[in-house]
Structure formats: structure tokens, C-alpha cells
Amino acid sequence: MKRIWILIAGVFMLTQLSARDVININRDWRFFSHTEGSSDRAQGVNLPHMWNNDALSGRNDYFRGVGNYMKDIAVPKEWAGRRIFVRFGGAGTVADLIVNGRYVGEHRGGYSAFTFDLTDYLKYGENNSLWVIVNNAPRLDVLPTAGDINIYGGLYRDVELIVTDPSHIAVDDYASEGVYVHQKEVSREKADLETVVRVRGAAGKTLTVNLAVETPNRDTVVVQGAKVKIAGDGRGSATVPVIVGNPTLWDGIENPYMYTVRVQLADEGRVCDEVTVPLGLRFFSVDPKQGFLLNGRPYRIHGVVHYEDRASVGIALKQYQIKEDLDLITEMGANAVRAAGYPHHPGFYDECDRRGILVWSEMPFIGPAYMTDKGYIHTDDFRRNGEQQLYEMIFQQFNHPSVVFWGIFSDQDPRGDDPTDYIKGLNAMAMQEDPSRMTTATSNQDGPINFVTDLIVWDLPFGWKEGMPGDLKIWLEQLQKKWGSLCSGITYGAGASIYHQEDSLYRPNYLGNWHPERWQTSLHEQYFPLVNESPFLWGWFVANMFDYGAAGRDWGEGTGTDDRGLVTFDRKYRKDAFYFYKANWNKAEPMVYIAQKRWTPRVKTTQTIRVYSNAPEVELLVNGASLGKKTGANGVFLWENVELKRGVNALEARSDTGIDYADIRVL
């Protein structure tokens, strides 16, 4: 065994050789659309880039059509005899590639990566032209075909050239890493793994796959190898079994411990390719009575819904902006995220891996948001595109330990073309390709559609679109009585503008242009104890973490946003409900916050002062005079019948570990 280890260790030392080159080509593209008319008037852009600033300004008729991206790349003579691929991180929503005037191929779907093999289209030792024709026009054969999210156009994620040897770990397997670590059985004593490595090369050639599992300190835990013979079509696949004894588990936010799996491909002892993928060992389950269990213990999921969309840039996010979003999510104390609407940027999953945040990743099979929407089109082209996008999501995210649920659909409507049978097919595909994870969906319907996926999350309208927040209590009782065997989760929310403040507290018209912040806060305060005291709910996802672009919406401020976020679209302002959840979910960071401070001026001198804190006691001072200390319930501390003076009143809230101030003016 020692000799084998020395031999394999020696092989792994050859990683300094350039077996694979990955070259970012984000800079210096030329872009032109219908406004420029031709490449003669193209403007210089760097990627990521999207062209729909009109959508970000709330125009419902924002441009959906063709944009063109062009770039010249120098291809060295030394690349001759190697394989050259281009990998696009995402293009909205259909992309066609032309290289040196020759058509290469098309990709349909705006949120997953895709690759093209350029090897036979390039001129070596010369400049080569890339022309990408991107089209975000509405189509009935490309998901999503419904919903209120903005469908942006552009090359809004990274673009890379990948240069490999003729024998290489597959680059073209749904644009994944070509390495899939199946966690067959994991416990605190042992992790039984099976790694599938997909390989490309010359027909008939026999290659060696060497695999090592490493700790964060680069200590090698285990090594293993296998042979693979390339078939006549140039493809091969190796299955490498690995057992890790006494593993350190990836344990959510408490200990997101990560191994690395290093895979090398060797041809007669020469390393010709290498890929590394993350590995977080964990096991989980859901019980209809106990909820979610992580590594054998109850783990209450309290998360948020996150749409990857942001003021000024839309979906063309930089890594620092992804980190900022997750910093806010972490600050609030959420331990899970529904990556809503579509697969997110790869950097989003990397961050969630490192932070221990559980992820529900969702394919863009979205139900109708408007009367004219059709979320499911009963055609072969539609169905094939949905299957393709499901495969891309699964294979590209396969090795992320944070991803624990595959989202199959969102708020689909069985009327008209009934999607239920199609959902059954997608669900079976997901379970076939990845039996280690569970499938889920959001539903706002009754009926058989709710019994297909492993889990279901109810999208509830009480207190926003209809009814009142207190109706949730009746609904939860009926859920347990009628559908207690279902593994159910919950999502809910209400819109709010930080500029809409008034003395009255009532449910506004959600389609109207007045969304007072106090109602959003009140709804969340009323929902919280009912959900918190229902441990059978496996998942709890507050909608939404951030406002997002929905140019078709003229509600709220009328700026084309869905304003149910706890943070504004530009990330500048945390709404009061953010601090309410922070007081309840983030026990590690002491906080005290005077709520409703934007509600000024006020009319009445007699007021209830509301403070959010995770401290056991809070003291309130008004104009320098103490009104005493209070204990709170669910993070809410109330001082009722407080007499304020006409004019400006200075409020100060103190706990043992924090302090906050507010000035409230009374007319």
C-alpha cells in the first residue's frame, strides 16, 4: 500500500505541468444591437454585460431581440494538436456562435453554462473572430415562458477558453467539470463515495484516472485509481469507488467543512488533464412530523427567496456583488436560500458552500404571473428544452454540498395544458441522475400536482393578495388534518416601499401604488410565531430577500419592481422586516434597532414605540428620560401609550450590548 501511495503521490506532483489552460476572455468585446445597426458602429464592452437598462427603469416594453458580441482572439501555433473549447457562463436566452464566418452551434436557455468545441474552426498562429448572436425575444420553446421576472439579454456571465490535450476530462458534458462525486452513503463513521469521471480521447486508447481526497490543508486523506478505455465515439467513463473513514461532516453554518477531490487523467504515466471539485460530506432527510434533519439531527431551515437581479446591473453580476448579497443574508441569520426562478451564478454556490448555507436550486419552469401567461407549452420542443435545462442544472451543480434540493417547478397551473405528467417525467429524471438529493417545488394550487416531488412548499397569499395574516393558523390546522403525510414547507411575503408611511395599518391593494412599509412588517410579525411553532414544516422561505426587477408590474412605486424584498433593489436600505428577522435568527451578533423610524412626521402625540433586539432586555429613552426596561417576545419590544411632544423627539434604545437612535417628528 505504501508503494502505491508513493507512486500515486508522485503522479500528483506533476500538476505543475500545464495539462489544461483556462483563459478568461471577458475583456474587449464589441457589442451592437438594433440601435447601432451594424458592427461598424459597435461599442466596446467588457463582460459580464446585459443590454436591458430599459427594463431596469421599469419599462414594460423593454427591448427583447437580438444583440451581437464580437471579439478577435489570437490562437498560438502551439495550440495545434490540442482541443480548444469556449465556455459561456450564461447568455440570455438563445445564443448562436459563428467562428471565422463558420456556424458552430446554438444553445437555448439563459441561466446555465454551455460549451462549444472550436478546435476544427480555428486558424492556428493567426487572429480568429468570434461572433455571438444573442436573442432574448419571447419564445414558446425556451423556458421560462411565464412569470414576472425580467428576461434580460446579453452575455451576463464569464466566458473562458479551455485548452486541453486530446485526452481530457470531459469539458462538453453539459458544461460541467466532468467529475461527479456520488455520496452513496454517509455517516459520522464512514463516507462511501463513487466518483464518475467522464473522459474524451482517441478511440481505443486506455487511460488512467487517479483520484485523491484532500483536506483544506492539502493533506491527502485517500487515493484511488481506475482504468478507462475510450469507445469508438471518443467517449469513456470511469467509476472510482472511495471510502473516507471518520469524515468531518459539512454541518451547515456551524461547520461547513470542505474537502477537495483532485482528479488527474494520465496517458502512459503522463498527466494530460486535471480537475478539482469541492466535496462536503453530509447526509440529510425530511420527516413530515420532525421536518428537516441534517447529519441525523433536527436542523430548522429558516431561509429566504433570492432572485439574482440587482438595480443598475440586472443579472450581470460581479463576484463582489454576489458576496454582498450573501453577506446580507448571513447578517440576517438565514441558513438557507431558495435560488429562485433559475440557476444562479456559479460563484453564488461557491459562497454558499463556504458559508454553510443550504440551497434549493431551481430550474426555470415558472407558472403564470399574468392572465395571458402560459407556464407550460405542450410541444416536443418545449419539453426537450426543459429536460436539457434540468440536466444542465444538475450536472453543473452536482458537487456543491450546499445544494440539497432540486426545484422542479414554481406555481404551475394545471388548467389548460396540464403539466402534471411532464413534471412527473422531470422528477423521475432528477431522481435517476441524482438520487442523493430531494426534489421540491412551490405550489399555489390544490390537486395531484402537489404529490409528485419529494417535498412541496406552499406559496401563501394570506395578508397580501387575499385574506389576513391570521388566516394562516386555520390553514396550518387544515394542512395537518388533510395532508399531514406531505412533507410541506412554506413561503410568504408582502410588498413594501420605504417611502410609503402612514398612521393607519391595513392590508393595501397589492396591485395598487401604495405599499406601506408598516404592513409588510406587521404581516411578518404575525406569520412568525405561527410558522416558528410548526416544526413539521420542513422549510421556511421568506419572500423575498431583495426587491427584484419585474418590468411588467406597475404596482408599489410604479418602477417595475417586485417590492416584497426585505432589502431594496439597490441594496442600500434594509426594511424594518429585515431587522425583525435578524433579531430572531441571528443570535451571534448582538443588535438593537428602533423600528418605524422612517414613519415621520406623525400626526398623533400618543404612540407605540417598537424595538427589535436579540437581547433579553431593552431600555427606551425618550428625549433623555428613561421609560424603563422591557422584555420582548419574538424579538419585539413594545412601549405603549408613549407621549411625544410636538416637533422632534429623540429616541434611544439600549441593551447590554447595543444602542440605536431615532428622531421622530410629530406635527
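Residue positions are given per chain, counting from 1 as you read along its sequence in written order. Per-residue local features are limited, in this predicted model, to residues with pLDDT of at least 70; the limit for side-chain atom pairs, both in listing and counting, is 80 or more; totals at the level of whole chains, interfaces and linings are taken over all residues. The side-chain quantities take in all heavy atoms of the structure and omit both hydrogens and water.

Observations regarding the packing of aromatic side chains
(1) Moving on: Classification of ring pairs uses Phe, Tyr and Trp, with its six-membered ring standing for Trp, and accepts pairs whose centres are within 6.5 Å; under 30 degrees between planes counts as stacked, over 60 as edge-to-face, and the remaining range as tilted. A complete count under the given rule lists 44 aromatic pairs for this structure.
(2) Moving on: Ring centres of Trp538 and Phe541 lie 6.0 Å apart, and the angle between their planes is 65°; on these two criteria the pair is classed as edge-to-face.
(3) Moving on: With a 1.4 Å probe rolled over the protein chains alone, any residue whose accessible area is under 20% of its type maximum counts as buried; one over 50% counts as exposed, and the rest are partly exposed. With a relative accessible area of 1%, Phe541 lands in the buried category.
(4) Moving on: Plain terms: the ring middles of Trp540 and Trp585 are 5.5 Å apart, the flat faces sit at 85° to each other, and that makes the pair edge-to-face. A residue pair is termed long-range when its members are at least 10 positions apart, and Trp540 in strand E31 (residues 540-542) and Trp585 in helix H9 (residues 576-585) qualify at 45 residues.
(5) Moving on: Taking the relative accessible area as the measure of exposure, Trp540 reaches 1% and is therefore buried. Each helix is a run of H or I in the DSSP string that is no shorter than four residues. Each strand is a run of E no shorter than two, and both are numbered from the N terminus.

A closer look at the sheet that holds strand E34 (residues 592-594)
(1) Moving on: Here three strands make up an open sheet; going across it, the order is E34-E35-E38 and the pairing antiparallel. One side of each edge strand has no neighbouring strand; the edge strands of this open sheet are E34 and strand E38 (636-643). Going from strand to strand, the sheet's axes swing by 25° on average, the running direction of each strand aside.
(2) Moving on: One ladder, built from three bridges, connects E34 with strand E35 (residues 606-613); its direction is antiparallel. Note that in E35 the partner of Ile594 across the bridge is Val611.
(3) Moving on: H9 contacts E34, E35 and E38 of the sheet and is inclined by roughly 50° relative to E35. Strand pairing is defined by DSSP finding a minimum of two bridges between the two strands. For every element, the axis is a line fit to its C-alpha atoms; helices are fit only across the contacting stretch, and the angle between N-to-C directions ranges from 0 to 180 degrees. Note on definitions: a residue-residue contact is assigned when non-hydrogen atoms from the two residues lie within 4.5 Å.

What to know about helix H4 (residues 346-355)
(1) Moving on: Of all the 10 residues making up H4, seven are buried; the element is thus mostly covered by neighbouring parts of the structure.
(2) Moving on: All buried positions along H4 are accounted for by Gly347, Phe348, Tyr349, Glu351, Cys352, Asp353 and Arg355.
(3) Moving on: Gly356, located one to two residues past H4, shows a positive phi value of around 80°.

Some points on the sheet that holds strand E5 (residues 83-88)
(1) Moving on: With respect to topology, four strands assemble into an open sheet ordered E1-E10-E5-E8, the strand pairing being antiparallel. The sheet is open, and its two borders are formed by strand E1 (20-24) and strand E8 (114-117), each paired with just one other strand. With strand direction ignored, the average angle separating the axes of adjacent strands in the sheet is 20°.
(2) Moving on: Pairing of E5 with E8, which is carried by four bridges, proceeds in the antiparallel orientation. Note on E8: the bridge partner recorded for Phe85 is Asp117.

Examining the layout of surface pockets
(1) Moving on: Quantified by volume, the second largest pocket comes out at close to 830 Å³.
(2) Moving on: A cavity, in this analysis, means grid points on a 1 Å lattice covering only the protein atoms where a 1.4 Å probe fits yet has no way out; a pocket is instead an open set bounded by protein on both sides within 12 Å along at least five of seven lines, and a residue lines either one if it has an atom within 4 Å of a point. In terms of lining residues, the second largest pocket is bounded by 29 residues, among which Arg87, Glu160, Ala175, Glu177 and Pro346 are the most central.
(3) Moving on: For the lining of the second largest pocket, the secondary structure elements donating two or more residues are E1, strand E10 (159-164), strand E20 (270-279), H4 and helix H5 (380-397).
(4) Moving on: With four residues, the top contributor of residues to the lining of the second largest pocket is E20.
(5) Moving on: The class makeup of the residues in the lining of the second largest pocket is 11 nonpolar, 10 polar and eight charged. Grid points are joined across faces, edges and corners, and a volume is the space filled by probe spheres set on the points. Residue polarity follows a fixed list, in which Ala, Val, Leu, Ile, Met, Phe, Trp, Tyr, Cys and Pro are nonpolar, Asp, Glu, Lys and Arg are charged, and the others, Gly among them, are polar.

Considering the packing of helix H3 (residues 319-332) against H4
(1) Moving on: Between H3 and H4, the shortest axis-to-axis distance is 10 Å and the interhelical angle comes to 40°. Overall, the two elements H3 and H4 adopt an arrangement that is oblique. Regarding H3 and H4, the two cross each other, and that crossing is right-handed. For the pair H3 and H4, the contacting residues are Gln319, Ile322, Lys323, Leu326, Asp327 and Thr330 in the first and Gly347, Phe348, Glu351, Cys352 and Arg355 in the second. Orientation categories follow fixed angle ranges, with anything under 35 degrees roughly parallel, anything over 145 roughly antiparallel, 65 to 115 roughly perpendicular, and all other angles oblique. Helix crossings fall into two classes, left-handed where the near helix is turned counterclockwise from the far one by less than a right angle and right-handed where it is turned clockwise.

Here we look at the side chain of Thr93
(1) Moving on: Mapping Thr93 onto the fold places it in the loop between E5 and strand E6 (94-99).
(2) Moving on: Judged by its relative accessible area of 6%, Thr93 falls in the buried class.
(3) Moving on: For Thr93, the contacting residues outside a window of four places in its chain are His107, Arg108, Gly109, Gly110, Val134, Asn135, Asn136 and Ile151.

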